Amino acid sequence: MAEPLVVLEGVTKSFGTEVVTEILHGIDLEVLPSEFTALVGPSGSGKSTLLNLLGLLDRPTSGRILLAGRDTTGLTDDERSAVRGRSLGFVFQFHHLLPEFTALENVMMPMLAARGREEKGMRERALSLLEEIGLADRALYKATKLSGGQQQRVAVARALVLEPPLVLADEPTGNLDTESGKQVFELLRKVSTEHRTAFLVVTHDERIAARCDRILTMVDGRIRSDERNARA
Amino acid sequence: MPFEVLVALRFLREGKIQTILILSGIGVGVAVIVFLSALIGGLQESLIERTLGTQAHIVVRAPEDLVRPVTESSPGLAVAPRVERPAQRLRSIVGWPQTLELLLTLPRVRAASPTVAGAAFALRGLANRSVALRGIEPSSFRRIIDMGPRMTAGEFRVDATNAVIGVELAADLGVSVGDKVRLETPAGRSEVFLVAGVFDVGNKDLNARWVFVSLRAAQTLLDLAGGISTIELKVAEIFDAERVAEEIVARTGLQADSWMKLNQQLLTGLRSQSASSWMIQFFVVVAVALGIASVLVVSVVQKSREIGILKAMGTRTVQVVRIFLVQGAVLGLGGSLLGSALGAGLSFFFASLARNPDGTATFPVNLTPALFLGAAAIATVTGLLAAVAPAERAASLDPGDVIRYG
């Protein structure tokens, strides 16, 4: 069995200082390379909180998160940013492209942030990813000029541009109509296979969950069930 | 282009109205600074030019005669109950050629000219006027006060028995170029001179009193054979004059008066003018800084979602800080370019409003490259500093919060 990408050990998360509310109660979890995992559960079960912890966007109250074998507990904000840029890709529910930039520039942005300036090959790499998601002809469109589905596909390309081993997606199809949602999901599956990237997808959609390799169900801040889909 | 600059410029470009408004604000501020500096600088320069155009920067003369009273009695000596100040007679500077040479070696002294000055009467027929006789050496004196452009008739020639007088005196005596004038000193010596030229220095009193003759003629008339009464100096930097004068006093033991000492009121006027100008400029800079800071603070709030995204994609805190610092600097620089153009335009417009009869501007403006560079530097640094607080605020945004609630 392959070395796990991410390991969570007894992770809890509480909010509030006077009235402390524990959202996550001791989560233990391993995510394997190239695994396509669905995270489902009712609203308020802690899915997004867990995702933010995994994405190093937030810190756990207790417990440890190991990313590629490395403990992330003591890292500074900047170190976490660096790890994020290198090892993680994000696809958010509301696509979250930078509206000031074109589709191409949005895809290039993680490379620019990591290297500090445009270097040779970045543009070509971003363009080939846009081609892969079928939006090469929209490369020079402002993000705001794209449809919701197109924006979400650009966000997928952006998440993949640094070839992270893990992409976290928070309701990537939640904001789209059925047809666009289906297209985006197909794209996620396709790039997961082609780029050998692990995906962790938070979703409400049963049909989407049913087509993932693994389904984690969360209820009340705990992982209720962890099933592997035989079909995949 | 560095990543931070790319993002900063794009943020500014996409925030069209805000950017245009704040650029205009900075522009107006910088225009005020440029205009005010140009105007005050120009006014001061013309004021100084008018004052120092007919005046040496430093006048060196022999020390005054002093009495040394006996204040302590001792056998055989009487103590003076009252000390009378001696009448000052015209005296030569002892060893003046050496002194002149010494003065010319001082680093800040640009020119020095020996002169003989004394009182005399100008006589013609029944008319007589008391005048200030100035014996000069034309070649070196030209570098102290250039009389050439101030001549209204004839030329500035003071050799042999040629004299140059002012327009008022010429009118009083009814003489013009080529006529003869007798100069007589209180001691009774007199000499006839030929009027070689008539000048107008723009000061009625000086036009009525100054009579230029050769050094030798003045020495003879004033009974100062071979001697000189004053050395007139020009220094490289006019506001150094007082310090140079003090240095001369210390090194030669002679008396040295700078234009600053002789024109105390002018100096006070110039200083308070400068002070008020600085004050206005300081408050303009403060207003510009507050404007930039407030626009950037608003921008941080507006862009918090974008900042969160940038951070989620691996942008480091220091990069976020730089994005906002660059915005501040670019706003400052851009605004200063706009303001420099506006200020220059305003200055020229103002200068063209009122003109002297001779075509020069009544309100001279002094636009120098240094002024523009200074304004640009101040505005850029101000922008940079004003951006510090908003940048810190942007850097402290938590990407998790922004993405969760954004």
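So, how was this worked out
Residues numbered from 1 in each chain as written. Chains lettered and ligands numbered in written order. Predicted model: local features only at pLDDT ≥ 70, side-chain atom pairs only at ≥ 80, totals over all residues. Helix = DSSP H or I, 4+ residues; strand = E, 2+ residues; numbered from the N terminus. Rg over C-alpha atoms; globule rule 2.2 N^0.38 Å. Buried ≥ 20, exposed ≤ 12 C-beta atoms within 10 Å, placed from the backbone. Pairing = 2+ DSSP bridges. Domains from an automatic or database assignment. Contact = placed C-beta atoms within 7 Å. Nonpolar A, V, L, I, M, F, W, Y, C, P; charged D, E, K, R; others polar. Axes fitted to C-alpha atoms, helices over the stretch in contact; angles between N-to-C directions.

### Topic: the overall build of chain A
For chain A, the helix and strand inventory stands at seven helices and 10 strands. Here the C-alpha radius of gyration of chain A, 17 Å, is about what a compact globule of 232 residues would show, namely 17 Å. With the C-alpha coordinates of chain A rotated into their principal frame, the extents come out at 50 × 40 × 40 Å. For chain A, the proportion of its 232 residues judged to be buried stands at 48%.

### Examining the sheet that holds strand β1 (residues 6–15) of chain A
Remark on secondary structure: sheet strands pair via backbone hydrogen bonds, oriented parallel or antiparallel. All names here are of chain A. Taking strand neighbours across the sheet as the criterion, the four strands line up as β2-β1-β4-β5 in an open arrangement whose pairing is antiparallel. Each edge of the open sheet is held by one strand with a lone partner, namely β2 (21–31) and β5 (70–71). Across seven bridges, β1 lies against β2 in antiparallel orientation. What sits directly across from Ser 14, in β2, is Glu 22.

### A closer look at the domain arrangement of chain B
We note that the domain assignment places domain 1 (3–51 + 267–405) and domain 2 (59–63 + 90–262) within chain B. In this structure, domain 1 of chain B and domain 2 of chain B have C-alpha centres spaced 51 Å apart.

### As for the environment of Glu100(A)
With respect to the helices and strands, Glu100(A) occurs in the loop between β6 (88–91) and α3 (103–115). Judged by local crowding, Glu100(A) falls into the buried class, with 20 C-beta atoms found within 10 Å. Put simply, Glu100(A) and Arg222(A) are 122 residues apart on the chain and 39 Å apart in space, counted from C-alpha to C-alpha. Sequence-distant contacts of Glu100(A), that is, excluding residues within four places in its chain, are made with Arg10(B), Phe11(B) and Glu14(B).

### Focus: the interface of chain A and chain B
Each side of the interface is counted separately: chain A has 24 residues, and chain B has 22 residues. At the level of secondary structure, the elements contributing two or more residues to the side of chain A that touches chain B comprise α1 (47–54), α2 (77–87) and α3 of chain A. Broken down by element, the residue count for the side of chain A that touches chain B peaks at six residues, all from α2(A). Residue composition of the side of chain A that touches chain B, grouped by class: 11 nonpolar, six polar and seven charged.

### Points about the sheet that holds strand β8 (residues 198–202) of chain A
Residues and elements named next belong to chain A. Ordered by their spatial adjacency, six strands build an open sheet running β6-β7-β8-β3-β9-β10, and the pairing between neighbours is mixed. For this open sheet the edge positions go to β6 and β10 (222–228), each flanked by a neighbour on one side alone. Recorded for the sheet is a direction-independent mean angle of 15° between the axes of neighbouring strands. Where strand β3 (residues 36–40) lies against strand β9 (residues 214–219), four bridges are found, and the strand directions are parallel. When the sheet's bridge partners are listed, Val 40 is paired in β9 with Thr 217.

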